[in-house]
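Each chain, written out:
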Amino acid sequence: MNMQATNGPLNTRQRVALVLGATGGFGGAVVAALAANGWRVRALHRDPSRARALRAESIDWIAGDATSAADVAAAAAGAQLIVHGVNPPGYRHWEKIAIPMLQNTIDAAARSGARIVFPGNVYNFGRDAGTLVAEDAPQHPATRKGAVRVRMEQMLKAAAQRGVRTLIVRAGDFFGPGSASSWFGAVMVKAGRPPAAVQYPGDFGVGHAWAYLPDLAQAVARLAESDRLADFEVLHFGGHWLEPGVKMAEAIRRVVERPDLPIRRFPWRLVRLASPFVPFFRELAEMR
């Protein structure tokens, strides 16, 4: 999409954005981008003092929990934007936690008049989505988490018909600063130490889409200021398409100047064997 097509700020007074999940990769990147674009940023956290230590940006930290409807509503009062960048902890209990948290955001946006920004992902799609996944591609997921993500987007679409505006920005896997919980930061490289090898989680010969977090966040910040968005808008962020996907591991080799660095396959067989005993592995195996 042509980002130059967006118009200027909605108004001249300082705009307020509430970011849920500000200590995470996506939320943290969006906090920095919004602040750089002149927004006053609020963030909800159960332990504001700990959150301040995690993030250096100037944020108005508010004590509260995204699972509490009252906390989210209070934090969103007077906001023009709510960024819903929060996920269930430990990659588990999505239906039990993710659905109610999103409902809290929808209810808070209905009260404050804020637009919701929701980071979409590729969980929603199955094999019939097409070679190039467009915004109107069919959503027939093959996993439980995919079905939850489809339901969440349906909730947002239904809310838009009642006047709760939503922008969904869908992207590939995250890499770059703040991506410690992504495949890139959790498996392929580890912060603070030189790699002895690179594990690549996908099939080496299959292409893969990546999104550089600062670029994605800047796109979100600029879109948030546009007056050309529909009440329910879904946009796909192109990012970086690497084919074959193992090119990302080869790029790591170049950056660390280690052309001999081993590239290893992720031990999916061990993950499957351990999944009956390790809940996180069970969730991971489903999403392969």
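Owing to the predicted nature of the structure, the values given are computational and were not obtained by experimental measurement. (Residues numbered from 1 in each chain as written. Predicted model: local features only at pLDDT ≥ 70, side-chain atom pairs only at ≥ 80, totals over all residues. Heavy atoms only, no water.)

Visitor: So what exactly am I meant to see when it comes to the pairing of strand β6 (residues 166-170) here?
Guide: Consecutive residues of a regular strand have side chains that alternate between opposite faces of the sheet. Burial analysis of β6 places 5 of its 5 residues in the buried class, the great majority of the element. Both faces of β6 are covered, namely the face carrying Thr166, Ile168 and Arg170 and the face carrying Leu167 and Val169. Examined bridge by bridge, strand β5 (residues 115-120) and β6 share 5 bridges and lie parallel to one another. Bridged to Pro119 within β6 is Val169. Assessed by its sense of winding, the connection that carries the chain from β5 through helix α5 (residues 144-160) to β6 is right-handed. Here β6 runs beside strand β10 (residues 232-236); their pairing, made up of 5 bridges, is parallel. The residue bridging Thr166 from the neighbouring strand is Phe232, located in β10. (Buried < 20%, exposed > 50% of the residue type's maximum accessible area, 1.4 Å probe, protein only. Helix = DSSP H or I, 4+ residues; strand = E, 2+ residues; numbered from the N terminus. Pairing = 2+ DSSP bridges. Right-handed = clockwise from strand over helix to strand, strands pointing away.)

Visitor: Would you mind showing me how to read the sheet that holds strand β3 (residues 60-63) here?
Guide: In a beta sheet, neighbouring strands are held together by backbone hydrogen bonds and run either parallel or antiparallel to one another. Spatially, β3-β2-β1-β4-β5-β6-β10 is the arrangement adopted by the 7 strands of the open sheet, whose pairing is parallel. Strands at the two margins of the open sheet, each flanked by one partner only, are β3 and β10. Neighbour-to-neighbour, the strand axes of the sheet open up by a mean angle of 20°, direction not taken into account. Relative to strand β4 (residues 81-84), helix α4 (residues 94-112) is tilted by about 175°, and along the sheet it contacts β1 (16-20), β4 and β5. Across the sheet, α5 is in contact with β5, β6 and β10; its angle to β5 comes to roughly 160°. (Axes fitted to C-alpha atoms, helices over the stretch in contact; angles between N-to-C directions. Contact = heavy atoms within 4.5 Å.)

Visitor: Explain the packing of α4 against α5 to me, please; I cannot follow it from the model alone.
Guide: Packed helices, taken two at a time, are described by the angle between their axes plus the distance between the axes. As a packed pair, α4 and α5 sit with axes 10 Å apart at the nearest point and diverge in direction by 15°. In terms of orientation, α4 and α5 fall into the roughly parallel class. Viewed along their axes, α4 and α5 form a crossing whose handedness is right-handed. Along its contact with α4, which presents Trp94, Glu95, Ala98, Ile99, Leu102, Gln103 and Ile106, the element α5 presents Lys145, Val148, Arg149, Arg151, Met152, Met155, Leu156 and Ala159. Within the contact of α4 with α5, the residues separate by chemical class into 10 nonpolar, 1 polar and 4 charged. (Parallel < 35°, antiparallel > 145°, perpendicular 65-115°, else oblique. Left-handed = near helix turned anticlockwise from the far one by under 90°. Nonpolar A, V, L, I, M, F, W, Y, C, P; charged D, E, K, R; others polar.)

Visitor: Help me understand the sheet that holds strand β11 (residues 240-242) in this model?
Guide: Strand order in the open sheet formed by 3 strands is β7-β9-β11, with mixed pairing between adjacent strands. The open sheet has two edge strands, β7 (173-175) and β11, and neither has a second partner. Between one strand and the next, the sheet's axes are offset by a mean angle of 40°, whatever the strand orientation. Of the pairings in the sheet, the one linking strand β9 (residues 208-212) to β11 comprises 3 bridges and is antiparallel in character. Each residue of the ladder has a partner; that of His208, found in β11, is Leu242.

Visitor: Sorry, what's going on with helix α7 (residues 213-224) here?
Guide: Think of an α-helix as turning once every 3.6 residues; residues three or four places apart then point the same way. Between the first and last C-alpha of α7 there are 16 Å, a value that for 12 residues agrees with the 16 Å anticipated at 1.5 Å per step. Leu213, Leu216, Ala217, Ala219, Val220, Ala221, Leu223 and Ala224 are the residues of α7 that are buried. (Expected span 1.5 Å × (residues − 1).)

Visitor: Sorry if this is basic, but what is going on with the environment of Phe184 here?
Guide: Assignment of secondary structure puts Phe184 in helix α6 (residues 183-188). As for Phe184 and Ala73, which are separated by 111 residues in sequence, their C-alpha atoms are 34 Å apart. Excluding residues that lie within four positions of it along the chain, Phe184 makes contacts with Phe174, Phe175, Gly176, Ser179, Val189, Trp210, Met248 and Ile252.

Visitor: Just checking my understanding: could you explain the packing of aromatic side chains for this structure?
Guide: The relation between two aromatic rings is expressed through the spacing of the ring centres and the mutual angle of the planes. A full pass over the atoms with the stated rule returns 11 aromatic pairs. Ring pairing ties together the aromatic residues Phe175, Phe184, Trp210 and Tyr212, which thus form one cluster. Residue placement shows Arg265 over the ring face of Phe204; its charged tip is 4.1 Å from the ring centre. (Phe/Tyr/Trp six-rings, centres within 6.5 Å; stacked < 30°, edge-to-face > 60°. Lys NZ or Arg CZ within 6 Å of the ring centre and 35° of its normal.)

Visitor: Would you mind going over a nonpolar patch on the surface with me for this structure?
Guide: Residues Phe277, Val278 and Phe280 make up a contiguous nonpolar surface patch of about 310 Å² in total accessible area. For Val278, the location among the structural elements is in the loop between α9 (268-274) and α10 (279-286). (Patch = residues over 30% accessible without salt bridge, like charges linked within 9 Å, V, L, I, M, F, W, Y side chains within 5 Å. Areas by Shrake-Rupley, 256 points an atom, 1.4 Å probe, with all protein chains shown as cover. Salt bridge = Lys/Arg side-chain N within 4 Å of Asp/Glu carboxyl O.)

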